[in-house]
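Here's the letter readout for the chains.
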Amino acid sequence: MPTVFTHEFNTPVYKGKVSFSTGLFINGQFVDGSDGTTIDVINPTNGTVVTSVSEGTPRDVDLAVDAAEKAFETTWGLNCPGSKRGLLLNKLAALVEEHTEELAALEALDNGKAFNMARSGDVALAVDCIRYYAGWADKITGRVLETGEDKFNYTRHEPIGVVGQIIPWNFPLLMFVWKIAPALATGNTIVIKPSEFTPLTAIRMCHLAQEAGFPAGVLNVVTGYGNTVGHAISSHMRIHKVAFTGSTLVGRKVMEAAAKSNLKNITLELGGKSPNIVFNDADLDQAVNWAAFGIYFNHGQCCCAGSRIFVQEGVYDEFLKRFTEKSRSIKVGDPFAPDTFQGPQVSEIQYNRIMGYIESGKSQGAKVHIGGERHGNEGYFIQPTIFLDSSPDMRIVQEEIFGPVSVVIKFKDEEDVVRQANDTVYGLAAAVFTRDVSRAITTAHKLKAGTLWVNCYNQLHSNVPFGGFKQSGIGRELGEYALSNYTEVKAVHVNLGKKM
């Protein structure tokens, strides 16, 4: 029998009890993994074990695919009208909304993000995303194409079938929803692997999906490690689509496995080293506030984090002064404290990785302006950190750190900053701060990134696509664009009278 996780929250921001099975969710049931092994879930605030979850294996992926194939052929896919799929998605959205505080607390517990941020951000956005795709479920249409009076030509956008999905640990609930909502709306069945660091909300969502009435086998969750379960999904011969969010390094492995197996369709949302550009005429108070939000939000563990902050020479000194004050004011601490903005990094591995980058910056000659050290005596907390006096070839300028670490760089003019901003293998996001709308648009169009923010940062909406240029990924999440990730286009030719 799988472990049952029971926990009593008694915090300043949330009081309540949770109790649910932490088994694999296959064919509508919570089950142990085939080997009977488990994975410990760690609280990053103090490094203690919260609970354990069942560890999946490639054999469990096979069982999940069996269940997903059966559901696709019988109770889902083209056997379930879009209107019914939309109804079930709306029921799920209502249940997520009803359990907002519980889900936010689970996010704070195993991820370390501030409860208040998870409640108002992650969970609210998840509800909105599910409802958005519920609205699309009965609007997946093809086109009639005029070719002549003796032919009837049309296209159908059909579900792919069984799709595999692999999600990261930085936004556990939201990434789960970004993946499953468009896939379910278009009629696919799913085998999804959450991160082994943050599996709790994904497992809890299976209970809510059951309660909403989704048929058995439509949604299957296999918790496990990337090199076993993740590889099994990426290379599975009966999974015809894989969607992955995570590092570019692992994205290459997913792409390779997909190509070497059955040449499955892929969507990749990968890393970033996003430039945040502040021109002389920017509203400095707003630029500072947004820059801080751009790098310290979610503890810097955002693929689109504004980690390279370019400031024009005319306002560089004043910006740095204000940004330093703002950074020092960031409240780092217990995710369940009402005033916490930045909690711990997600794991000891990630903590050590970030600290390694900080040491690299120092050794390569950059100056630590503030921060650069551990915060507190336990857990995986890192001080908000600003580097100065960097050069373009430094690792802290070129590589994704995925933590609360920024580099502030002075630039001369638009030509100079566009060249520096585009000097990266990534192209996920960028931002421009200026009062000149012509400069804003001109600069935005010159930057090689999939998302451009003007006078704001980290603004995402369910109906607006998100994805990257270059090594930041393939394909787009969110919006109508994401529907194409999960459908195949079939062209039908009907002869109305043409004779041979």
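Residues numbered from 1 in each chain as written. Predicted model: local features only at pLDDT ≥ 70, side-chain atom pairs only at ≥ 80, totals over all residues. Heavy atoms only, no water.

Chemist: Would you explain the overall build of the protein chain in this entry?
Modeler: When helices and strands are tallied, the protein chain shows 14 helices and 24 strands. A globule of 500 residues ought to have a C-alpha radius of gyration of about 23 Å, and the protein chain, at 23 Å, matches this closely. C-alpha extents for the protein chain along the principal axes are approximately 75 × 60 × 40 Å. In the protein chain, the proportion of contacts linking residues at least 24 apart, taken out of those at least 6 apart, comes to 73%. If you sum the accessible surface of the protein chain, you get close to 19700 Å²; carbon and sulfur atoms cover 51% of it. Across the protein chain, the centroid of the 47 positively charged side chains sits 4 Å from that of the 53 negatively charged ones. (Helix = DSSP H or I, 4+ residues; strand = E, 2+ residues; numbered from the N terminus. Rg over C-alpha atoms; globule rule 2.2 N^0.38 Å. Contact = heavy atoms within 4.5 Å. Areas by Shrake-Rupley, 256 points an atom, 1.4 Å probe, with all protein chains shown as cover. Lys, Arg positive; Asp, Glu negative; His and termini not counted. Charge placed at Lys NZ, Arg CZ, Asp CG, Glu CD.)

Chemist: What exactly am I supposed to notice about the environment of W290 here?
Modeler: Residue placement: W290 occurs in helix α9 (residues 284-296). Separated by 102 residues in the primary sequence, W290 and P392 place their C-alpha atoms 24 Å from one another. The contacts of W290, once residues within four sequence positions are left out, are F433, N455, C456, Y457 and Q459.

Chemist: It is not clear to me how a nonpolar patch on the surface should be interpreted in this structure. Could you clarify?
Modeler: Together, V144, F152 and L496 give the surface a local cluster of nonpolar side chains, amounting to about 300 Å² of exposed area. Here F152 is to be found in strand β8 (residues 151-159). (Patch = residues over 30% accessible without salt bridge, like charges linked within 9 Å, V, L, I, M, F, W, Y side chains within 5 Å. Salt bridge = Lys/Arg side-chain N within 4 Å of Asp/Glu carboxyl O.)

Chemist: How should I be thinking about the sheet that holds strand β15 (residues 308-312) in this particular structure?
Modeler: Through backbone hydrogen bonds, the strands of a sheet pair up, either in parallel or in antiparallel fashion. In spatial order, the strands read β16-β17-β18-β15-β14-β20-β21; together these seven strands make up an open sheet with mixed pairing. Either end of the sheet is taken by a strand with one partner, and the two such strands are β16 (367-370) and β21 (451-454). Neighbouring strand axes in the sheet, compared pairwise and without regard to direction, differ in orientation by 25° on average. Across three bridges, strand β14 (residues 275-278) lies against strand β20 (residues 429-433) in parallel orientation. Each bridged residue has a counterpart across the sheet, and for V278 the counterpart in β20 is F433. (Pairing = 2+ DSSP bridges. Axes fitted to C-alpha atoms, helices over the stretch in contact; angles between N-to-C directions.)

Chemist: Even after reading the chapter, I still don't get the sheet that holds strand β7 (residues 144-145), so can you show me in this structure?
Modeler: Spatially, three strands are ordered β7-β8-β24 in an open sheet, and the strand pairing comes out antiparallel. Of all strands in the sheet, those with a lone pairing partner are β7 and β24 (487-495), marking the two edges. One ladder, built from nine bridges, connects β8 with β24; its direction is antiparallel. Bridging from a neighbouring strand, F152 pairs with V494 of β24.

Chemist: Can you walk me through helix α13 (residues 414-421) in this structure?
Modeler: The α-helix winds at 3.6 residues per turn, so residues separated by three or four positions along the chain end up facing the same way. When α13 is considered as a whole, its buried residues turn out to be D416, V417, V418, Q420 and A421. For α13, the elements touching its buried residues are β14, β15, β18 (405-411) and α14 (437-446). The opening residue of α13, the one whose side-chain oxygen lies 3.4 Å from the backbone nitrogen of E415, is D413. (Buried < 20%, exposed > 50% of the residue type's maximum accessible area, 1.4 Å probe, protein only. Polar contact = N/O pair within 3.5 Å; in protein donor to acceptor, adjacent residues only side chain to side chain.)

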